[in-house]
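Here is how the chains run, residue by residue.
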Amino acid sequence: MTSFLRRRFWLILGLCIALAAVILILMPGEKTLGWVIKIVYLHGALSRAGMVGLWAAGIAGLIYLIRPRPALARWTAALLLCGWGYWAAHFLASIPATRLTWGPWVAWGEPRVTMTLQVLVAGLVVIVITRLLKDARFTAAAAILLAVAVAFLVGRTGVLRHPLDPIGSSPSTLFRLVYLLLLIPVVGSMFLIAWRLAQGKAAVATPMSATQDSTGVV
């Protein structure tokens with residue numbers, strides 16, 4: 001399976017992107033937002049993929065601290081990077097969506113925007129520091145703390161104009177189904193890229209070596 005994914009990585013990634021594009025193209029417009037709903041849905045799917053990636057990094061980091069393995073260290077770093085990358089992409093996708101629906105490019109007074117930027121900055125700081133230190137245990141602990149912080153911020157952040165859950169609360173079964181279908185290739189591509197990164201040289205090496213953790217277990 002690993003060798004198949006390695007040989008077909010770009011093909012599978014391209015299929016994920018193509019599938020997401022087809023879903024967005026074919027989905028109907030919404031009576032209020034029209035075709036702009038497609039950007040909103042992409043923004044939402046990227047947001048979910050980013051959150052899943054950051055939470056998965058925290059889970060991988062926790063497992064690594066309990067049972068250190070080089071592969072888990074690589075997965076933690078890879079998921080951390082991919083989760084942050086998709087979170088950043090979700091913010092970029094929100095800019096045209098905000099412009100076309102509300103008027104400004106960025107709704108600076110919106111709590112959800114503030115929360116998004118807080119996660120972006122915190123994630124970037126964590127990634128830079130872990131890359132500089134190159135310590136798997138520190139990376140694991142940092143990923144756990146970031147995952148907890150993201151869950152806390154997402155859970156407690158209120159809204160002003162931004163709907164709390166516009167897709168989940170939609171009365172349209174079709175739109176909810178489209179969103180679920182869109183999540184499959186978007187989240188799948190995030191995990192696929194993380195897998196590719198984790199297969200390379202150790203994303204984070206322990207002070208002992210890139211292939212042996214500090215307990216001496218290979």
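All values reported here derive from a predicted model rather than from experimental measurement.

Caption draft 1: Looking closely at the overall build of the protein. Per the secondary structure count, the protein includes seven helices and zero strands. Going residue by residue from the N terminus, the α and β elements of the protein occur as α-α-α-α-α-α-α. Within the protein, buried positions represent 44% of all 218 residues. A separation of at least 24 residues holds for 80% of the contacts in the protein among residues at least 6 apart in sequence. Summing over all exposed atoms, the protein offers an accessible surface of approximately 11,500 Å²; the carbon and sulfur share of this is 72%.

Caption draft 2: How the structure looks around the packing of helix α5 (residues 111-133) against helix α6 (residues 136-156). It is the contact of α5 with α6, at a shortest axis distance of 10 Å, that shows an interaxial angle of 180°. If you check the angle between α5 and α6, you find them roughly antiparallel. Along the contact surface, α5 presents R112, M115, Q118, V119, A122, G123, V126, I129, T130 and L133, while α6 presents F138, T139, A142, L146, V150, L153 and V154. Considered class by class, the residues forming the contact of α5 with α6 number 12 nonpolar, four polar and one charged.

Caption draft 3: Quick look at the nonpolar core. Counting residues in hydrophobic clusters, the biggest one holds 51 residues, and the most contacted among them are Y41, L182 and V186. Of all the elements in the fold, those that place two or more residues in this core are α2 (9-26), α3 (37-66), α4 (70-101), α5, α6 and α7 (173-199). Per-element accounting of this core gives the leading share, 12 residues, to α3.

Caption draft 4: Expanded view of α3. Between its first and last C-alpha atoms α3 spans 43 Å; for 30 residues at 1.5 Å apiece the expected length is 44 Å, and the two agree. Most of α3 is tucked away, with 21 of its 30 residues classed as buried.

Caption draft 5: Inspection of empty space enclosed by the protein at higher detail. Applying the stated criterion to the full structure yields two cavities of 30 Å³ or more. Looking at the second largest cavity, its volume works out to about 30 Å³. Around the second largest cavity sit F91, S94, I95, T98, W105, V106, A107 and V113, which together line it. The leading source of residues in the lining of the second largest cavity is α4, at four residues. A breakdown of the residues in the lining of the second largest cavity according to their chemical character gives six nonpolar, two polar and no charged.

Caption draft 6: Fine view of unusual backbone geometry. Phi is positive for K134, close to 55°, though the residue is something other than glycine. Residue placement: K134 occurs in the loop between α5 and α6. Residue class for K134 comes out partly exposed when judged on its relative accessible area of 48%.

What counts and what doesn't
- Residues numbered from 1 in each chain as written.
- Predicted model: local features only at pLDDT ≥ 70, side-chain atom pairs only at ≥ 80, totals over all residues.
- Heavy atoms only, no water.
- Helix = DSSP H or I, 4+ residues; strand = E, 2+ residues; numbered from the N terminus.
- Buried < 20%, exposed > 50% of the residue type's maximum accessible area, 1.4 Å probe, protein only.
- Contact = heavy atoms within 4.5 Å.
- Areas by Shrake-Rupley, 256 points an atom, 1.4 Å probe, with all protein chains shown as cover.
- Axes fitted to C-alpha atoms, helices over the stretch in contact; angles between N-to-C directions.
- Parallel < 35°, antiparallel > 145°, perpendicular 65-115°, else oblique.
- Nonpolar A, V, L, I, M, F, W, Y, C, P; charged D, E, K, R; others polar.
- Core = buried A, V, L, I, M, F, W, Y, C linked by side-chain atoms within 4.5 Å.
- Expected span 1.5 Å × (residues − 1).
- 1 Å grid on protein atoms, 1.4 Å probe; cavity = no way out; pocket = protein on both sides within 12 Å on 5 of 7 lines; lining within 4 Å.
- Points joined across faces, edges and corners; volume = space filled by probe spheres on them.

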